[in-house]
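Reading the structure
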Amino acid sequence: MQELMKNLKKQIFLYSSLFVFASCATDSFKEGFHSPTADYRPMPFWHIRGDVEKSEIMKQIGEADSARFGGVTFLPIYGMTPEFLSDEYFSLYGDVLSDLEKRGMKAVLYDDISFPSGTAGGEMERKFPDYTRKRLDRTVYEVNGQRIFTAEVPDGVLMSAVAMNEISKERIDLSDYISDGKLKWQVPQGKWKVMFFNAVKDGTHKKYLVVDLLDSLSMSKFMTLTYDKYEERFKNYFGNLINYSFFDDVGFFRAERTWTPAFNEKFKQLYGYSPALLYPALWENIGPETESARVALFNTRAELLAEGFPKTVARWADKNGLKSTGHPPGNYNPMPVDMNADIFKYYRYTQMPLMDAIIGYGYGRDGHKLVSSAADYYDRPMVGAEIYGAIKDKIFDADMMFQIAMETMARGANFIVPHGLWYKDKVGIPPLISIHNPKLEGKLPEYSEYIGRMSYLLRGGRRVADIALLYPIADLQGFFRFQAEENIRPGHWTSEYTNYTQISEMLSEDIYRDFTFVHPELLLTDKYEISDGRLKLLNKENFQDYDVLIMPAQRVMSVRTLSKIKEFYDEGGKIIAVGQLPSVSSEFGKEKELQEIIRYIFGESNSRTNDNGGISIRLPELSVETLRDALQRVDTTPDVMYSNLPDLTSDAGCLSYIHKVKEGRNIYFIANSSRSSIDTEISLRGKMKVELWNPYTGQIQKIDRVEYKDIDNQQYSCFRLKLDGIDSVVIIGEGL
């Protein structure tokens with residue numbers, strides 16, 4: 001096992017000797033890196049349960065301080081005394097804040113007891129039972145024509161009553177045939193399904209019912225029970241000791257049919273007509289309109305979720321000078337519809353979008369850039385990561401602690417919440433991130449400083465990425481349906497051709513090209529501009545330019561989005577389509593128009609060019625080799641290149657990087673989470689003088705001799721790089 005303590009020697013082997021700078025340099029940027037303040041260091045979950053003693057609480061805060069944690073995220077667990085939200089609880093909370101303040105540490109305001117957020121420790125269902133989560137139920141009758149059919153309308157809020165001919169798929173709105181809670185309808189000739197769709201109070205897979213996440217009025221009730229109570233008591237700590245609030249698992253896990261009585265009203269606002277006749281598509285095929293109906297319905301739910309819990313909390317945080325953060329279940333999974341609805345819309349208001357890197361090493365890694373890409377679009381300088389939770393003790397050690405941290409940070413995270421500490425070390429969910437874990441003994445102070453230095457460097461600035469990867473949200477929505485027998489694993493049930501997360505993994509871990517997910521609906525906003533054959537994200541700080549757009553496999557797509565992609569191609573853009581091409585429009589009745597645009601862009605063969613330099617390539621099958629070759633064919637120059645890399649497949653580790661530009665400096669974080677050592681020549685695009693900034697020790701080393709090469713008409717700064725297994729390095733470049 002490679003020793004993690006990186007003391008005197010580091011990773012660069014130069015063609016000449018190293019010149020070592022004093023670590024306490026006068027430059028404030030270097031000082032911030034060498035000695036990161038508490039706000040940049042880890043702030044682990046601190047699970048509090050059982051009978052809580054003030055003396056033990058203070059002792060454990062001292063232990064967290066000795067581990068160099070920047071603060072803690074105080075997380076109450078069911079069964080703790082004093083009781084959650086009681087006067088005694090808030091008194092204890094105040095004592096914790098007072099002690100943290102004396103030590104110069106910070107606190108994250110966790111918004112509920114255990115998880116998911118939204119229960120207020122049971123107060124929601126006790127005080128506001130009518131404002132808790134609803135689900136959509138379907139009641140079905142199969143009837144033959146030429147008779148009068150009667151039925152009682154089921155309990156709950158009636159969202160739709162529809163009759164559908166089982167052969168022709170003709171649908172009839174039955175609302176006009178309902179009176180006094182009873183349907184009476186003359187059935188036409190044929191075989192029909194009569195369906196009622198009702199919103200009813202839902203149960204829960206946890207201890208208490210949660211708030212109606214989709215309804216702002218329900219959310220206002222929840223806020224009075226939790227957030228407002230913290231504001232009343234601890235507002236003087238807001239913006240100094242407490243800078244962040246945290247919500248947990250707010251979404252649809254094990255509740256795929258989450259609905260709200262206000263759904264139809266929201267749908268009409270978005271689309272201008274009633275959704276009544278579309279409801280059957282949520283369960284079954286309704287003919288040619290199936291996918292378009294599902295996209296419209298699931299998009300409406302995504303809008304409701306975005307405008308519900310996350311927006312309400314973000315507005316409260318903004319009012320109080322805080323940043324809200326948190327996550328839905330499965331924000332890394334390929335199917336968002338039964339987890340978070342649409343991760344880009346989910347984080348529309350949240351000040352710090354947050355990854356969830358849990359369950360197992362490498363689990364969901366190919367989806368983490370969905371979160372940082374959402375942050376990129378909204379120009380958010382901070383991206384959080386909750387890491388380690390539910391990884392088995394027997395496999396977790398100090399190596400894995402660093403591996404997961406460096407991988408999430410290479411994918412955009414710059415605020416780390418380890419999972420976590422446990423009061424009196426009674427670990428309910430492993431692993432224990434504490435000085436009492438013998439596997440981590442002696443490593444935590446270095447780890448905390450490492451996280452602090454990297455968070456300091458990576459927070460803010462702009463990320464350099466030349467590739468846009470289209471997020472196929474319409475296709476995912478068009479595919480999904482409720483109560484499908486095939487959906488045995490929430491968040492993972494997709495079509496057999498879905499490949500966008502595989503492309504993500506290949507780009508990051510095999511081809512070594514950074515990229516940004518682009519949402520097809522947001523692509524239509526004025527934040528994106530097409531100029532000189534490039535697609536540009538016009539943010540104030542985190543602006544980005546893309547040479548090439550990759551279209552993952554998808555059947556369903558918006559004509560408006562495809563028209564924007566055609567414009568990109570016409571003006572000299574490069575497009576790579578991988579697998580299934582779109583053939584179904586997400587707008588009703590526009591299949592022919594969509595298919596004509598597809599033929600225009602890709603022609604009859606798998607490659608096409610135009611007079612402006614536009615290139616389109618279609619890859620029928622996805623592989624590392626075909627994708628790498630296609631990128632070479634469209635003649636994009638990589639931002640970072642390596643030579644003579646070994647096979648990095650040991651223990652699921654990988655080589656990752658992130659390049660940011662901040663305060664006039666190019667910051668490259670190169671992370672080798674594999675157990676294989678690396679000895680390579682690294683080439684960085686541009687002519688620069690470069691330094692090595694050691695994230696383990698804070699030392700800074702100047703690289704005196706760098707070879708400048710012209711590669712494909714682009715100048716590169718080249719030098720030798722050596723990394724041990726489970727090792728990382730920061731390279732700072734300044735233009736010449």
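These numbers were taken from a predicted model, which means no experiment stands behind them.

Parameters and conventions
Residues numbered from 1 in each chain as written. Predicted model: local features only at pLDDT ≥ 70, side-chain atom pairs only at ≥ 80, totals over all residues. Heavy atoms only, no water. Helix = DSSP H or I, 4+ residues; strand = E, 2+ residues; numbered from the N terminus. Rg over C-alpha atoms; globule rule 2.2 N^0.38 Å. Buried < 20%, exposed > 50% of the residue type's maximum accessible area, 1.4 Å probe, protein only. Contact = heavy atoms within 4.5 Å. Areas by Shrake-Rupley, 256 points an atom, 1.4 Å probe, with all protein chains shown as cover. Lys, Arg positive; Asp, Glu negative; His and termini not counted. Charge placed at Lys NZ, Arg CZ, Asp CG, Glu CD. Pairing = 2+ DSSP bridges. Axes fitted to C-alpha atoms, helices over the stretch in contact; angles between N-to-C directions. Expected span 1.5 Å × (residues − 1). Phe/Tyr/Trp six-rings, centres within 6.5 Å; stacked < 30°, edge-to-face > 60°. Lys NZ or Arg CZ within 6 Å of the ring centre and 35° of its normal.

Right, let's talk about the overall build of the protein chain for a bit. Within the protein chain one finds 18 helices and 39 strands. Expected size for 736 residues packed as a compact globule is a radius of gyration near 27 Å; at 27 Å, the protein chain falls within 12% of this value. Taken along its principal axes, the extent of the C-alpha atoms in the protein chain is 95 × 75 × 40 Å. Every one of the 736 residues in the protein chain was classed for burial, and the buried ones make up 64%. Partitioning the contacts of the protein chain with sequence separation of at least 6, the portion at a separation of at least 24 is 81%. Counting only carbon and sulfur atoms, one obtains 46% of the accessible surface of the protein chain, whose full area is about 26,800 Å². Side-chain charges in the protein chain split into 89 positive and 103 negative, and the spacing between the mean points of these groups amounts to 1 Å.

With an omega dihedral of 5°, the bond running from Phe115 to Pro116 counts as a cis peptide bond. Structurally, Pro116 is set in the loop between strand 4 (106–110) and helix 4 (123–127). Residue Gly420 follows His419 across a cis peptide bond; omega there is -15°. Among the secondary structure elements, Gly420 is positioned in the loop between strand 17 (415–418) and strand 18 (421–422). Not every positive phi belongs to a glycine, and Ile359 is a case in point at roughly 80°. Assignment of secondary structure puts Ile359 in the loop between strand 15 (352–357) and helix 11 (368–377). Not every positive phi belongs to a glycine, and Tyr388 is a case in point at roughly 90°. On the accessibility criterion, Tyr388 (0% relative accessible area) is buried.

Through backbone hydrogen bonds, the strands of a sheet pair up, either in parallel or in antiparallel fashion. Here four strands make up an open sheet; going across it, the order is 31-34-38-37 and the pairing antiparallel. Either end of the sheet is taken by a strand with one partner, and the two such strands are strand 31 (640–643) and strand 37 (707–711). Along the sheet, successive strands turn relative to each other by an average axial angle of 35°, direction set aside. When strand 31 meets strand 34 (residues 678–685), the two strands line up antiparallel, connected through four bridges.

Look at helix 2 (residues 54–66): 19 Å from first C-alpha to last across 13 residues, which is about the 18 Å you get at 1.5 Å a residue. Listed as buried for helix 2 are Glu56, Ile57, Met58, Gln60, Ile61, Gly62, Glu63, Ala64 and Asp65. On its buried face, helix 2 sits against strand 2 (45–48), strand 3 (71–76), helix 3 (87–103) and strand 18. Just beyond helix 2, the residue with positive phi is Arg68, at close to 70°.

Here the structure, examined in full by the defined rule, presents 63 aromatic pairs. A ring pair is formed by Tyr89 and Tyr93, whose centres lie 6.0 Å apart and whose planes are at 40°; its orientation type is tilted. Highlighted residues: Tyr89 and Tyr93, both in helix 3, separated by four residues, approximately one helical turn. Taking the ring centre of Phe515 as reference, the NZ or CZ of Lys369 above it sits at 5.0 Å. Here the basic side chain of Lys566 rests over the ring of Tyr600, its NZ or CZ set 4.6 Å away from the ring centre.

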